[in-house]
Amino acid sequence: MQRIGLFGGSFNPIHNGHLHLAKAAKEGLGLDKGVLIPANVSPFKQDAPGMASGADRLAMCRLAAQEHPVLEVSDLEARRGGASFTADTLE
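Quick summary incoming for the structure in this document. (Residues numbered from 1 in each chain as written. Predicted model: local features only at pLDDT ≥ 70, side-chain atom pairs only at ≥ 80, totals over all residues. Heavy atoms only, no water.)

### Considering the pairing of strand 1 (residues 4–9)
Along a regular strand, successive side chains alternate from one face of the sheet to the other. Examined bridge by bridge, strand 1 and strand 2 (residues 33–38) share 6 bridges and lie parallel to one another. Each residue of the ladder has a partner; that of Ile4, found in strand 2, is Lys33. Between the parallel elements strand 1 and strand 2, the chain passes through helix 1 (residues 16–28) in a crossover that is right-handed. (Pairing = 2+ DSSP bridges. Helix = DSSP H or I, 4+ residues; strand = E, 2+ residues; numbered from the N terminus. Right-handed = clockwise from strand over helix to strand, strands pointing away.)

### What about the side chain of His18?
Secondary-structure assignment places His18 in helix 1. Not counting chain neighbours up to four residues away, the residues in contact with His18 comprise Phe7, Phe11 and Pro13. (Contact = heavy atoms within 4.5 Å.)

### Here we look at the sheet that holds strand 1
The parallel open sheet is built from 3 strands, whose spatial order is 1-2-3. If you trace the sheet from one side to the other, it starts and ends with strand 1 and strand 3 (71–73), each paired once. Strand-to-strand twist across the sheet, computed as the mean angle between neighbouring axes with direction ignored, equals 25 degrees. With 3 bridges connecting them, strand 2 and strand 3 associate as parallel partners. (Axes fitted to C-alpha atoms, helices over the stretch in contact; angles between N-to-C directions.)

Given below as structure tokens:
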């Protein structure tokens, strides 16, 4: 059985701090892989000025993860649409 860590957020934009935390969790917890899941629409930042679109934030995550083979990116919340809630994603 694989041990997978999920790291969700708005990632507006994704930065080295996000990547460092995801990699540290993967290594520290002995996970097989880490998965970044950018929120389609963050329910707490829906009206935040300067918020990039879900598609743009997903693309930024994909670009950032290319340099970190221990991380993958999921488009689950983008495909589902609407506001992103962790409980829905885990289900």
